[in-house]
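The lines below spell out each chain.
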Amino acid sequence: MDYQSFFAEKIDALKNEGRYRHFATLKRRVGSFPDALYYPENRDPRTVTIWCSNDYLGMGQHPVVLNAMTEAIAQSGAGAGGTRNISGTTAYAVELEDSLADLHQKESALVFPSGYTANEGALSTLSQLLPNCAVFSDRLNHASMIHGIKTGAAEKFIYNHNDLNHLEDLLKSVDANRPKIIAFESVYSMEGDIAPIAEICDLAEKYHALTYLDEVHAVGVYGPRGGGVAEERGILHRIDMIEGTFGKAYGLVGGFITGSKTLVDVVRSYSANFIFTTALPPAICAGALASVNHLKTSQSERAAIRANVAYLKSLLDQAGLSYLRGASHITPLIIGDSVCCKAITDWLLAEYDIYIQPINYPTVPRGTERMRLTATALHTREYSDRLVNALKNLWDEHHGFLNIRRAA
Ligand SMILES: *Cc1c(COP(=O)(O)O)cnc(C)c1O
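A brief look at the structure comes next.

Some remarks on the site of the ligand
So, point 1. The immediate surroundings of the ligand are formed by Ser114, Gly115, Tyr116, Asn119, His142, Ser144, Glu185, Asp214, Val216, His217, Thr245 and Lys248.
So, point 2. Between the ligand and His217, the relevant distance is 2.5 Å, taken from an oxygen atom to a side-chain nitrogen or oxygen of the residue.
So, point 3. With respect to the ligand, the side chain of Lys248 contributes an N or O atom lying 2.9 Å from an oxygen atom.
So, point 4. Counting residues per element, the shell around the ligand draws most heavily on helix α5 (residues 115-129), which supplies three residues.
So, point 5. Class assignment of the residues belonging to the shell around the ligand gives a composition of two nonpolar, seven polar and three charged.

Quick notes on the side chain of Lys180
So, point 1. Tracing the sequence through the fold places Lys180 in strand β7 (residues 180-185).
So, point 2. Nearest to the buried, unbridged Lys180 among oppositely charged side chains is Asp175, at 6.4 Å.
So, point 3. A distance of 3.0 Å separates a polar side-chain atom of Lys180 from the backbone oxygen of Arg178.
So, point 4. Excluding its chain neighbours within four sequence positions, the residues that come into contact with Lys180 are Ala134, Phe136, Leu171, Val174, Asp175, Tyr207, Ala209 and Leu210.

Some points on unusual backbone geometry
So, point 1. Following Phe33, the chain continues into Pro34 via a peptide bond in cis, with omega recorded as 15°.
So, point 2. Looking at where Pro34 falls in the secondary structure, it is placed in the loop between β1 (26-28) and β2 (35-38).
So, point 3. Here the residue pair Tyr361 and Pro362 is connected by a cis peptide bond, since its omega of 5° sits within 30 degrees of zero.
So, point 4. With respect to the element layout, Pro362 can be found in the loop between β13 (358-359) and β14 (370-374).
So, point 5. Phi angles above zero are rare outside glycine, and Asn132 is one such case at about 55°.
So, point 6. Here Asn132 shows up in the loop between α5 and β5 (134-138).

The rules we used
- Residues numbered from 1 in each chain as written.
- Predicted model: local features only at pLDDT ≥ 70, side-chain atom pairs only at ≥ 80, totals over all residues.
- Heavy atoms only, no water.
- Near = heavy atom within 4 Å.
- Polar contact = N/O pair within 3.5 Å; in protein donor to acceptor, adjacent residues only side chain to side chain.
- Helix = DSSP H or I, 4+ residues; strand = E, 2+ residues; numbered from the N terminus.
- Nonpolar A, V, L, I, M, F, W, Y, C, P; charged D, E, K, R; others polar.
- Buried < 20%, exposed > 50% of the residue type's maximum accessible area, 1.4 Å probe, protein only.
- Lys, Arg positive; Asp, Glu negative; His and termini not counted.
- Salt bridge = Lys/Arg side-chain N within 4 Å of Asp/Glu carboxyl O.
- Contact = heavy atoms within 4.5 Å.

Set out below in structure tokens:
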């Protein structure tokens, strides 16, 4: 077999569908986010505005975070030096876990190298250990949850997105004595909507299921201390395990779970994703701790993102540009075609110095390709004015093209 040409054809198939992934090379600069330097191929770098960042509150450049990281490097060096089991449990990681347990009002917390590995590790472990477990998973759950459930190899029931009736039908269809897990998210990152968490907890109680909630897009942003949507709604105690990340609103990298001492200990003790990988560096843990602690008390970043998102949505309304009207800070503009979606984002970058990554299959279903706009705490009104003007111009200019692609 000619391996090279076999795989080259696989790449060509993506290109033909318009969903080959082009990465934009950027350099973020402290003090100027959401602007960053963009490095086009064979041309000089230039300044563009990022409209698709998950650094929702700008914590990736906050002095409190940067100082904590610099200090940790000066004191403790670069890496952790091992897995958590073999010399990698630094005092930085332990202090961070204490703060996270407090954030979610749980007994215990556990830090992972990423939110992806946290989901995969926790869900695979819990579902694998429970005998004859049935896992109920929202249709739009993140790939990391899906992979965790797959690895756990328990029987899986997929319920329609946020559909309580469908979820209850599926729960009812399973033997009352079987162990069950309901796995879902609070803020859905590609839809921008928020799950009916309390109602899902009602069902979990009725059918004796564990609740597993991914608050990756909500921690830092929602709740009076940044504890997520469950904190905002006063129902932290009703969730058995909450999973989050430092990669989004906290501005760094790394993931975590919180829950009872026993649940967290079982993941710590059984999850290969946790056991067999090097621990997060002290500087990351110190930065994450500074970020989490800062957002437990500071309200200004949350107030700013709310105001900026409301302003962006009002401008889109005025311009007649339709978006998914979720209750969160994420604003998805549905384009419905991968070629078209790529063309618009290319024009935005080339003509307006605005960077938005097109979101295509398999991240979202075919026919629902979209631009996912994230107004952060630092996207002031002027930024939204410029973005929506650019979108209006492009819609006017390329009217025919956009309609043709949509009708096809
Ligand atoms: C990004 C994301 C993750 C993974 O988190 P990382 O820290 O980036 O690995 C998990 N769940 C959801 C819903 C996400 O969007």
